[in-house]
Amino acid sequence: MTATIRIQQADFDIAQEIAALTKGRNDVGAVVTFSGICRGSENGEPIAALTLEHYPGMAEAEIKRHTDEAMSRWPLTGLTVVHRVGRIAPGENIVLVLAASAHRQAAFQAAEFLMDYLKANAPFWKREESAKGTSWIEARGHDDEAAARWTKP
Amino acid sequence: MKVKYFAWVRERIGISEEMVEPPAAVRTVDDLIGWLSQRGETYAYAFEKPKVIRAAIDHTHVKPDAMISGAREIAFFPPMTGG
């Protein structure tokens, strides 16, 4: 099984991505979907849009490292990670993680693990546009803590 | 070696990548940050808080004490905010 990893400007179709993991097979009992969506405010201030920058090459490599680890930790039948870059308006999709498995527990855990790791380790940066101008969003310490809990014994 | 900059590190320095040839005494990522900081005001501003800066060698995250010898590409960037 190889994970599907894409970084793209275009939006994604969640139903189509799920169908790609289930079509033509009868061993999938669960698909967990996480989609991250652009909020219309940041720290209480309305924003007009986010612009996402990434490190081409490393972003794909870092996501693959984490999908490889997820596949070694849980009995998955499929994994999909799609991350958008460029300008994204409030209400639009930013990121999609799909984890498919015979049973729900592995799918839930793998999806959560992947999102926690991507937040802390995948080289993407968000800049917000608001009435005050543009500014880079600061990293949150709790994203590192969320990723670290998966390495505790 | 090629050095790349992202997000506000890139904006502060004013370029996204460049080729550099640091002297042999520059052995670690931390040394390289110190050496780059001496290159001008824009670099000094970008690296004014070196503890905040993250680094990657050849697409892999590394710590400040990582050795840079043999690196093809070293990147500097702020903590990540994707997802």
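Student: I tried to follow the interface of chain A and chain B on my own but got confused; where do I start?
Tutor: You'll often see interface size given as the accessible area lost when the parts meet. Taken residue by residue, the interface counts 22 residues in chain A and 14 residues in chain B. Those elements that provide at least two residues to the side of chain A that touches chain B are strand S5 (49–54), helix H2 (58–73), helix H3 (104–121) and strand S9 (124–130) of chain A. Broken down by element, the side of chain A that touches chain B gets its largest block of residues, five residues, from H3(A). Per-class residue counts for the side of chain A that touches chain B are 15 nonpolar, four polar and three charged.

Student: Can you walk me through the confidence of the model for chain B in this structure?
Tutor: Atomic detail in the predicted coordinates should be set aside for any region of low pLDDT. Scored by pLDDT, chain B comes out at a mean of 97, with 100% of its residues at no less than 70. What the predictor reports for the complex is a pTM of 0.94 with an ipTM of 0.95.

Student: Looking at this model, I keep getting lost on the nonpolar core. Mind explaining?
Tutor: Across soluble globular proteins, you tend to see nonpolar side chains buried next to one another. Counting residues in each nonpolar core, the largest one holds 52 residues, and the members touching the most others are A:Val97, A:Ala99, A:Ala110, A:Leu114 and B:Ala75. Residues contacting A:Leu114, with those up to four places away along its chain left out, are A:His66, A:Thr67, A:Ala70, A:Val81 and A:Val97.

Student: Looking at this structure, how should I read H2(A)?
Tutor: Turn by turn, an α-helix covers 3.6 residues, leaving residues three or four places apart pointing in a common direction. For H2(A), with 16 residues, the first-to-last C-alpha span of 23 Å sits near the 22 Å given by 1.5 Å per residue. Among all positions of H2(A), only A:Met58, A:Ala59, A:Glu62, A:Ile63, A:His66, A:Thr67 and A:Ala70 are buried.

Student: Before we go on, may I ask you to explain the sheet that holds strand S1 (residues 2–5) of chain B in this structure?
Tutor: Strands in a sheet are paired, the pairing made by backbone hydrogen bonds, and the direction either parallel or antiparallel. Residue and element names in this part refer to chain B. Taken together, five strands build an open sheet; the order of strands is S2-S1-S5-S3-S4 and the sheet is mixed. Two strands in the sheet have a free side with no partner beyond their single neighbour: strand S2 (17–19) and strand S4 (60–62). Here the strands of the sheet are splayed against their neighbours by 25° on average, with no regard to which way each runs. One ladder, built from four bridges, connects S1 with strand S5 (residues 73–77); its direction is parallel. Within S5, the position partnered with tyrosine 5 by the bridge is phenylalanine 76.

Student: Help me understand the pairing of S5(A) in this model?
Tutor: Consecutive side chains along a regular strand alternate between the two faces of the sheet. Residues and elements named next belong to chain A. Pairing geometry for S5 and S9, over six bridges, is antiparallel. Paired with leucine 50 across the bridge in S9 is glutamate 128. Where S5 meets strand S7 (residues 86–88), three bridges bridge the pair, whose relative direction is antiparallel. Opposite threonine 51, over in S7, you have arginine 87 as the bridge partner.

Student: Just to check I follow, could you spell out unusual backbone geometry for this structure?
Tutor: Peptide bonds are, in most cases, trans, and in most cases residues other than glycine have a negative phi. All names here are of chain B. Positive phi, normally seen in glycine, also occurs at aspartate 58, with a value near 45°. Residue placement: aspartate 58 occurs in the loop between strand S3 (54–57) and S4. Residue class for aspartate 58 comes out partly exposed when judged on the 15 C-beta atoms lying within 10 Å of it.

How each quantity is defined
- Residues numbered from 1 in each chain as written.
- Chains lettered and ligands numbered in written order.
- Predicted model: local features only at pLDDT ≥ 70, side-chain atom pairs only at ≥ 80, totals over all residues.
- Contact = placed C-beta atoms within 7 Å.
- Helix = DSSP H or I, 4+ residues; strand = E, 2+ residues; numbered from the N terminus.
- Nonpolar A, V, L, I, M, F, W, Y, C, P; charged D, E, K, R; others polar.
- pLDDT = per-residue confidence, 0-100.
- Core = buried A, V, L, I, M, F, W, Y, C linked by C-beta atoms within 7 Å.
- Buried ≥ 20, exposed ≤ 12 C-beta atoms within 10 Å, placed from the backbone.
- Expected span 1.5 Å × (residues − 1).
- Pairing = 2+ DSSP bridges.
- Axes fitted to C-alpha atoms, helices over the stretch in contact; angles between N-to-C directions.

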